[in-house]
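Chain by chain, the residues run as shown.
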Amino acid sequence: MEHWKRTIERANRCFMLGELIDACEAYLQALALAQVLFERWADADEAVAACVISHHNLADLHLRLNQPEESAEYLCAIHQRLLQTMQDERLRPALREAALRQSSKTYVELLNFISEHGEYPRTQRLLHPDTGNARRAPAPHHHGVH
């Protein structure tokens, strides 16, 4: 966890200084750490929070770079990851419960993004799985998520 914290803090400093390439590189490193350690962190809430923060910081960075579609991709990716985690019965209950608690935050972030920047293909597929291309396989149904 300490290595992730140091990496995210370095990325945040770069972001605040306008060093966006260095910020992106550090945010991607933090995201990789969070993903690799996701199921291994002792504290499930910290594991989920690290993954959420890493994705949301990358989304913010892409907005700063005027790349809203890439931002939408990161917001959708973490929300979808949490939905999948909640339903994965092979994962420990604490991790599934932490994902449930954080999913309301990722959902609100997605809705805020859409209200400000509009819908993108991935937001459409994630939030409205029953619309669109009829040839596409149906998306899994998420019971009681929101």
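Residues numbered from 1 in each chain as written. Predicted model: local features only at pLDDT ≥ 70, side-chain atom pairs only at ≥ 80, totals over all residues. Heavy atoms only, no water.

You'll find the protein chain entered in an unreviewed UniProt entry as Tetratricopeptide repeat protein, with Pseudomonas glycinae given as the organism.

(A) Layout of the overall build of the protein chain. When its secondary structure is counted, the protein chain shows six helices and zero strands. Counting helices and strands in the order they occur from the N terminus, the protein chain gives α-α-α-α-α-α. Within the protein chain, contacts between residues at least 6 apart in sequence are counted, and of these 60% link residues at least 24 apart. Summed over all atoms, the accessible surface of the protein chain reaches about 8,500 Å², with 52% contributed by carbon and sulfur. (Helix = DSSP H or I, 4+ residues; strand = E, 2+ residues; numbered from the N terminus. Contact = heavy atoms within 4.5 Å. Areas by Shrake-Rupley, 256 points an atom, 1.4 Å probe, with all protein chains shown as cover.)

(B) Spatial organisation of the nonpolar core. Of all hydrophobic cores here, the largest spans 40 residues; its most connected members are W4, Y27, V48, L61 and L95. Contributing elements (two or more residues each) for this core: α1 (2-16), α2 (20-37), α3 (44-64), α4 (68-87) and α5 (93-117). Of all the elements, α3 adds the most residues to this core, at nine residues. The residues contacting Y27, other than those within four sequence positions of it, are I8, A11, N12, F15, N57, L58 and L61. (Core = buried A, V, L, I, M, F, W, Y, C linked by side-chain atoms within 4.5 Å. Buried < 20%, exposed > 50% of the residue type's maximum accessible area, 1.4 Å probe, protein only.)

(C) Seen up close, the pattern of salt bridges. What the rule picks out here adds up to five salt bridges. In this structure, the salt-bridge partner of E39 is R90, at a minimum N-O distance of 3.4 Å. Linking E39 in the loop between α2 and α3 with R90 in the loop between α4 and α5, this pair joins segments that are 51 residues apart in sequence. Taking relative accessible area as the criterion, R90 reaches 63% and is therefore assigned exposed. (Salt bridge = Lys/Arg side-chain N within 4 Å of Asp/Glu carboxyl O.)

(D) Structural view of the packing of α1 against α3. Relative to each other, α1 and α3 sit at 15 degrees, their axes nearing to 12 Å. Between α1 and α3, the angle is such that the two are roughly parallel. Here α1 and α3 pass one another in a crossing that is left-handed. Mapping the contact onto sequence places W4, I8, N12 and F15 in α1 and A50, I53, S54, N57, D60, L61 and R64 in α3. For the contact of α1 with α3, the per-class residue count stands at six nonpolar, three polar and two charged. (Axes fitted to C-alpha atoms, helices over the stretch in contact; angles between N-to-C directions. Parallel < 35°, antiparallel > 145°, perpendicular 65-115°, else oblique. Left-handed = near helix turned anticlockwise from the far one by under 90°. Nonpolar A, V, L, I, M, F, W, Y, C, P; charged D, E, K, R; others polar.)

(E) Quick look at the packing of aromatic side chains. Taken as a whole, this structure holds two aromatic pairs when the rule is applied. Here F15 and Y27 contribute two aromatic rings whose centre-to-centre distance is 6.5 Å and whose plane-to-plane angle is 55 degrees, an arrangement assigned as tilted. With F15 in helix α1 and Y27 in helix α2, the pair connects residues that are twelve residues apart, well separated along the chain. Grouping residues by exposure puts F15 and Y27 together as buried. The interplanar angle of 45 degrees and the centroid separation of 6.0 Å between the aromatic rings of F113 and Y120 together place this pair among those described as tilted. Taken individually, F113 and Y120 each receive the classification buried, so the pair is uniform in this respect. When the ring centre of F38 is taken as reference, the NZ or CZ atom of R81 above it lies at 4.1 Å. (Phe/Tyr/Trp six-rings, centres within 6.5 Å; stacked < 30°, edge-to-face > 60°. Lys NZ or Arg CZ within 6 Å of the ring centre and 35° of its normal.)

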